[in-house]
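Summary of structural features
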Amino acid sequence: MAIYHLSVKTISRGQGRSAPGSAAYRAGEKIRDERTGKEYDYTDKPVAHAEIIGWDGTRSELWNAAEKSENRKDSVTAREYEAAIPVELDKADQVSLIREYATWLNERHGVAVDFAIHRNTGNPHAHIMTTTRRVFDEGFTTKTEREWSDSKRKQNGLPGRKSDLVEAREVWSEMVNASLREAGTSDRVTHRSHSDRGLDLVPQIHLGKTVLQFKKQGISHPRLHRYEKIKSQNAKIISFKDKRDQLDREIAFRERFDHLTDAKKLQVLGRIKQDLQEKLKATGDKSLQQQLVPVNKLLNEIVSDDAKREAHDYGNTLRKAVSRMNPSDAIRKHPELVAMSQTANKIKIQSAENGIDQKLTNKRINAYFEKSIDDLSKQQLVARQR
């Protein structure tokens, strides 16, 4: 099942972190931080794919240049986007998805983007590092508006910094869903919070690499227990809400046709069903199957009600024929009464032979006719519903 995760964090000197060191770890390379003289070697770390967008030089040149462009001891030298990649995609599609998002970040903010994909933990994800300054002629100019304070943004007619985060999360969900759709899976993700979606869910915790390794090895961990408890509780809440939402949709759908006769409903619903089936066949969009559910349900109910009325009328017709019996006329109009008439005669003969009086004999015959007519009506109902 595809999950949504996109977090954004800063890499700053104030945290004691180094942009070249962070890039080396994520890309599985050896890079020397020219500002501090420290060398970071992570060449033994497995990395599925690493790539740079918006910079023509090496990774070492990129992040050392980013460090040199900052003077403050607490400068933010990079911003990192960490994204969960759907396991439903193969490696080529995963790389294509991250490259598309990295390109969007580059074009949106004018920054260099360095991304690395890690797949070895069973939890495929991407680390997407971006510079905080715009790229210009193999160097950097001013800080991008994304890094401005809220007061400076307001002075320049821009919304608060949170709007950039919301946009980044929304764009990521759109790109993920487009990739899932192209891969032919019905799974979808959303960037919206539980409260925004009207879900009273418990926020899920992130397991992290170490806990995932414990889970893979079958080792118990308190965080795993908490994760599973939240997962189970939220599944029940979502199931209840899904059923409620489905009922609301069905009610709203039915109300659209309340003013129509059954014959008109069959005509309109038949046309809707045909259109949806043709679109499903042409596009393969599985969401159309969900749209067909209320259509088929209402169609079946109308047909079922109609069939019940026909079966009821049929039974009453046979009852009237029997009650008025001139047997030859009744049988001529309703051939299905032949077997019933023959059995009624057998009952009369047996009753006479056994000395059963006429009143009790008639009661037995009437009971036989009633049961037989009910059986015939049910047979017609089943045939009509098919």
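Before any of the text, the structure's been laid out above.
The following paragraphs examine the structure supplied in this document. Think of each chain on its own: its residues are numbered from 1, step by step along the sequence as written. Restriction of local features to residues with pLDDT of at least 70 applies here, the model being predicted, together with a cutoff of 80 or more for giving and counting side-chain atom pairs; totals for whole chains, interfaces and linings are based on all residues. Excluding hydrogens and water, the side-chain values take into account all heavy atoms of the structure.

Another aspect to go through is the packing of aromatic side chains. Centres within 6.5 Å are what make two rings of Phe, Tyr or Trp a pair, Trp counting through its six-membered ring; a difference in plane orientation under 30 degrees is then read as stacked, over 60 as edge-to-face, and the rest as tilted. Counted according to the given criterion, the structure contains five aromatic pairs. With a centroid separation of 5.1 Å and an interplanar angle of 90°, the aromatic rings of Tyr25 and Tyr42 are classed as edge-to-face. With a gap of 17 residues between them, Tyr25 in helix α1 (residues 19-27) and Tyr42 in the loop between β3 (39-41) and β4 (49-53) connect regions that are remote in the sequence. Judged by centre distance (5.7 Å) and plane angle (20°), the ring pair of Tyr101 and Trp104 falls under stacked. Of the two residues, Tyr101 and Trp104 are both situated in helix α3 (residues 91-109); the distance of three residues between them amounts to about one turn of the helix. Both residues of the pair, Tyr101 and Trp104, count as buried. Three or more aromatic residues link up through ring pairs in this structure, and these residues are Tyr81, Tyr101, Trp104 and Trp172. What counts as a helix is a DSSP run of H or I of at least four residues, what counts as a strand is a run of E of at least two, and both are numbered from the N terminus. Burial classification: accessible surface area is computed with a 1.4 Å probe over protein chains only, and a residue below 20% of its type maximum counts as buried, one above 50% as exposed, and the rest as partly exposed.

Turning our attention to the packing of α1 against helix α2 (residues 59-68). The angle between two axes is taken between their N-to-C directions and runs from 0 to 180 degrees, where each axis is a line fitted to C-alpha atoms and a helix contributes only its stretch in contact. The N-to-C vectors of α1 and α2 enclose an angle of 150°; their axes lie 8 Å apart at closest approach. On the basis of their axis angle, the class for α1 and α2 is roughly antiparallel. Judged by the sense of rotation from one axis to the other, the crossing of α1 with α2 is right-handed. Two secondary-structure elements touch here, α1 through Ala19, Pro20, Ala23 and Ala27 and α2 through Arg59, Trp63, Asn64 and Glu67. In terms of residue class, the contact of α1 with α2 is made up of five nonpolar, one polar and two charged. Throughout, the term roughly parallel applies to angles under 35 degrees, roughly antiparallel to angles over 145, roughly perpendicular to angles from 65 to 115, and oblique to all others. The handedness criterion is simple: a crossing whose near helix is rotated anticlockwise from the far helix by less than a right angle is left-handed, and one whose near helix is rotated clockwise is right-handed. Contacts are residue-level and defined by heavy atoms, with any inter-residue pair within 4.5 Å sufficient. Any residue outside Ala, Val, Leu, Ile, Met, Phe, Trp, Tyr, Cys, Pro, Asp, Glu, Lys and Arg is labelled polar, Gly included; the first ten of those are nonpolar and the last four are charged.

Right, let's talk about the sheet that holds β4 for a bit. Note: strands within a sheet are paired through backbone hydrogen bonds, in either parallel or antiparallel orientation. DSSP bridges decide pairing: two strands pair if at least two such bridges lie between them. Reading across from one edge, β1-β5-β7-β6-β4 is the order of the five strands in this open sheet, with antiparallel pairing throughout. Both edges of this open sheet fall to β1 (6-12) and β4, since each of them pairs with a single strand only. In this sheet, adjacent strand axes meet at a mean angle of 20° when their direction is disregarded. Pairing of β1 with strand β5 (residues 76-84) involves seven bridges; the strand directions are antiparallel. Opposite Thr10, over in β5, you have Arg79 as the bridge partner. Contacts from α1 reach β1, β4, β5, β6 (113-118) and β7 (125-131) within the one sheet, and its direction differs from that of β7 by about 155°.

This part covers helix α8 (residues 262-283). Here α8 contains 22 residues, and its C-alpha end-to-end distance of 31 Å stays within 8% of the 32 Å for a straight helix at 1.5 Å per residue. Considered for burial, the residues of α8 that qualify are Lys265, Val268, Leu269 and Leu276. Here the buried residues of α8 occupy an arc of 95° about the axis, which is enough to place them on one side. The outward face of α8, more than 90 degrees from its buried face, is lined by the exposed residues Ala263, Lys281 and Ala282. Remark: Gly284 follows α8 within two positions and exhibits a positive phi of approximately 70°. By this rule, a helix spans an expected 1.5 Å times one less than how many residues it contains. Along the arc lie the directions from the helix axis toward the C-beta atoms.

Note: strand β8 (residues 133-136) against strand β9 (residues 139-143), three bridges, orientation antiparallel. Bridging across to β9, Arg133 finds its partner in Lys143. Joining the antiparallel neighbours β8 and β9 is a turn of two residues, in which Asp137 adopts a positive phi near 50°.

Turning to the layout of surface pockets, a few remarks are in order. Empty space within the second largest pocket amounts to approximately 230 Å³. Cavities and pockets were defined on a 1 Å grid built from protein atoms only: a cavity is a group of points that admits a 1.4 Å probe but offers it no way out, a pocket is an open group of points flanked by protein on both sides within 12 Å along at least five of seven lines, and a lining residue is one with an atom within 4 Å of any such point. Around the second largest pocket, the lining is made up of 13 residues, and of these Arg72, Val76, Lys143, Glu147 and Trp148 lie nearest the centre. Grid points are joined across faces, edges and corners, and a volume is the space filled by probe spheres set on the points.

Attention now moves to the nonpolar core. What makes a nonpolar core is a set of buried Ala, Val, Leu, Ile, Met, Phe, Trp, Tyr and Cys residues whose side-chain atoms join them at distances within 4.5 Å. If you look at the biggest cluster of nonpolar residues, it comprises 28 residues, and the most contacted ones within it are Ile98, Tyr101, Ile128 and Trp172. Residue assignment for this core shows that the elements contributing at least two residues are β5, α3, β6, β7 and α5 (162-182). Among the elements that make up this core, the one with the highest residue count is α3 (seven residues). Ignoring any residue separated from it by four or fewer positions in sequence, one finds Ile128 in contact with Arg79, Glu80, Tyr81, Ile98, Tyr101, Leu105, Val113, Asp114 and Phe115.

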